[in-house]
Amino acid sequence: MVKNRIVVTAVFLTGILCTANGCDSVKPVSETMETIPVTATTSATTTVPDEAESIQTTVTTQAIAEQITSAYTCTTAEIDVMLVDTLLSEMTLEEKVCQMFIVTPEMLTGYTGSVTEMGTLSQKSFDQYPVGGLIYFAENLEDSPQTLEMLSGMQSYAQESSGVGVFLSVDEEGGTVARVADQLGTTKLHDMAYYGERSDPDEAYAIGCTIGSDLRKFGFNLDFAPVADVALHADNELGDRIFSSDADIVGDMVAGVVSGLQGTGVSATLKHFPGLGAGDGNTHYDDFVLIDRSLSELSSEEFVAFQAGIDAGADFVMVGHQITTAAGDQLPSDLSYTVVTTWLKETLEFTGIVITDAQNMASITENYSPASAAVQAVSAGVDMILMPLDLSNAVSGICEAVEAGTITEERINESVRKILTQKSEMGLLKYKEETETTTTT
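Residues numbered from 1 in each chain as written. Predicted model: local features only at pLDDT ≥ 70, side-chain atom pairs only at ≥ 80, totals over all residues. Heavy atoms only, no water.

## Concerning the layout of surface pockets
Right, so step 1: There is about 340 Å³ of room inside the largest pocket.
Right, so step 2: Considering the residues around the largest pocket, the lining is formed by 23 residues, among which Asp 171, Arg 179, His 284, Asp 357 and Met 361 are closest to the centre.
Right, so step 3: The residue makeup of the lining of the largest pocket, split by class, is 12 nonpolar, four polar and seven charged. (1 Å grid on protein atoms, 1.4 Å probe; cavity = no way out; pocket = protein on both sides within 12 Å on 5 of 7 lines; lining within 4 Å. Points joined across faces, edges and corners; volume = space filled by probe spheres on them. Nonpolar A, V, L, I, M, F, W, Y, C, P; charged D, E, K, R; others polar.)

## Observations concerning the packing of aromatic side chains
Right, so step 1: All chains considered together, the criterion is met by seven aromatic pairs.
Right, so step 2: Geometrically, the ring pair formed by Phe 126 and Tyr 157 is edge-to-face, given 6.4 Å between the ring centres and 75 degrees between the ring planes. Within this pair, whereas Phe 126 is found in helix H6 (residues 120-128), its partner Tyr 157 is found in helix H7 (residues 144-162), the two being separated by 31 residues in sequence. Like Phe 126, the residue Tyr 157 is buried in the burial classification.
Right, so step 3: Look at Phe 167 and Phe 316: their rings are 5.3 Å apart centre to centre, the planes differ by 85 degrees, and that puts the pair in the edge-to-face class. Of this pair, Phe 167 sits in strand E5 (residues 167-170) while Phe 316 sits in strand E11 (residues 316-319), and the two are 149 residues apart along the sequence. Exposure class is identical for Phe 167 and Phe 316. Each is buried. (Phe/Tyr/Trp six-rings, centres within 6.5 Å; stacked < 30°, edge-to-face > 60°. Helix = DSSP H or I, 4+ residues; strand = E, 2+ residues; numbered from the N terminus. Buried < 20%, exposed > 50% of the residue type's maximum accessible area, 1.4 Å probe, protein only.)

## Some points on the packing of helix H3 (residues 81-90) against helix H18 (residues 409-425)
Right, so step 1: The N-to-C vectors of H3 and H18 enclose an angle of 135 degrees; their axes lie 10 Å apart at closest approach. Relative to H18, the element H3 is oriented oblique. Considering how the two elements wind past one another, H3 and H18 form a crossing that is right-handed. Between H3, through Val 84, Asp 85, Leu 87 and Leu 88, and H18, the contact on the second element is made entirely by Asn 413, Val 416, Arg 417, Leu 420, Thr 421 and Ser 424.
Right, so step 2: Class assignment of the residues belonging to the contact of H3 with H18 gives a composition of five nonpolar, three polar and two charged. (Axes fitted to C-alpha atoms, helices over the stretch in contact; angles between N-to-C directions. Parallel < 35°, antiparallel > 145°, perpendicular 65-115°, else oblique. Left-handed = near helix turned anticlockwise from the far one by under 90°. Contact = heavy atoms within 4.5 Å.)

See below:
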């Protein structure tokens, strides 16, 4: 299904959302190692923390708007429905299931060190498990030329070998979670709580443009940001990564980041639905995290923030591993039909790609096998699974569930069609004739 793109009001500077095909030539909001804070009518100044020195920069909303709008014309890419259907029909069940996973390059290859290049091992591993995407961490990013070569090599090989490109993803929120900024020296930003206190959606839009422009020049096309949680408990696991304790402020800021980020051709991901901000546990390390929230409480706070990001056109929503009492099933959220389908897809009307949080976290691994977690996630309505503890076991588990009739192949097709449609919109699909000609040449 093609998602509707929303025309954003003047508060978001340029006023138009666009997708990758219309934004390849977008100029970075800043060419320097600086934050780009913006206010609606006046100049704004901020100090960006740096180990060596603090850098100050002043810029106006009008100047940024002119810079962005003069660089490109935003257009919505046409979805090649016939190509999507053709590729889907030609895939084996296992190939379709592989499309539903995003993994680290180490998880794909089985390499015990840090993967920093696209070599023979990566090619052979991708041929065996043609996954939908890869996620990169700090240890994979040595410098700018190496990162660009690794990502472009991965993308080219995926398209040439199968006609289906890959999501190349990273966690780049700004502040303390900024793999690219920390490793490759791109724009430094404060934690989002800083910007939440300023509560300026224009500034949020500029943040999205800045991060997106920084990521695009290396070949990344998917960012696991922004954080759409609401800070309702002082000891929540996310801390200053959250914009605010006010759901309306979170919503406004999240919508701005989504618009700016996706305007550069990088897909945004709202996380961690239905919200980690009201808990005091940590899904990375705890056997389970229980968040005691009624449906009316969720609807009046957490859902408000996520709805704003969805309305802004977010391509992805990440579902966390927290058990939320209102669901009534005692399941991690990404394994819960109530959370994924009833709340996210039906109540909030999200039609994009639903992805789990990393399934190698303790709240999953201490209670479920990779196969069981993957099968339950798909049964709940999830489209993509992030970082299972064991890729082979997870893929086999879903395939066996289909063969046993536990999951229908149409259910798999539903998610894979959605994934391929998004990739078509991003220009990542090729007809077999194109790939054969490229390979021969």
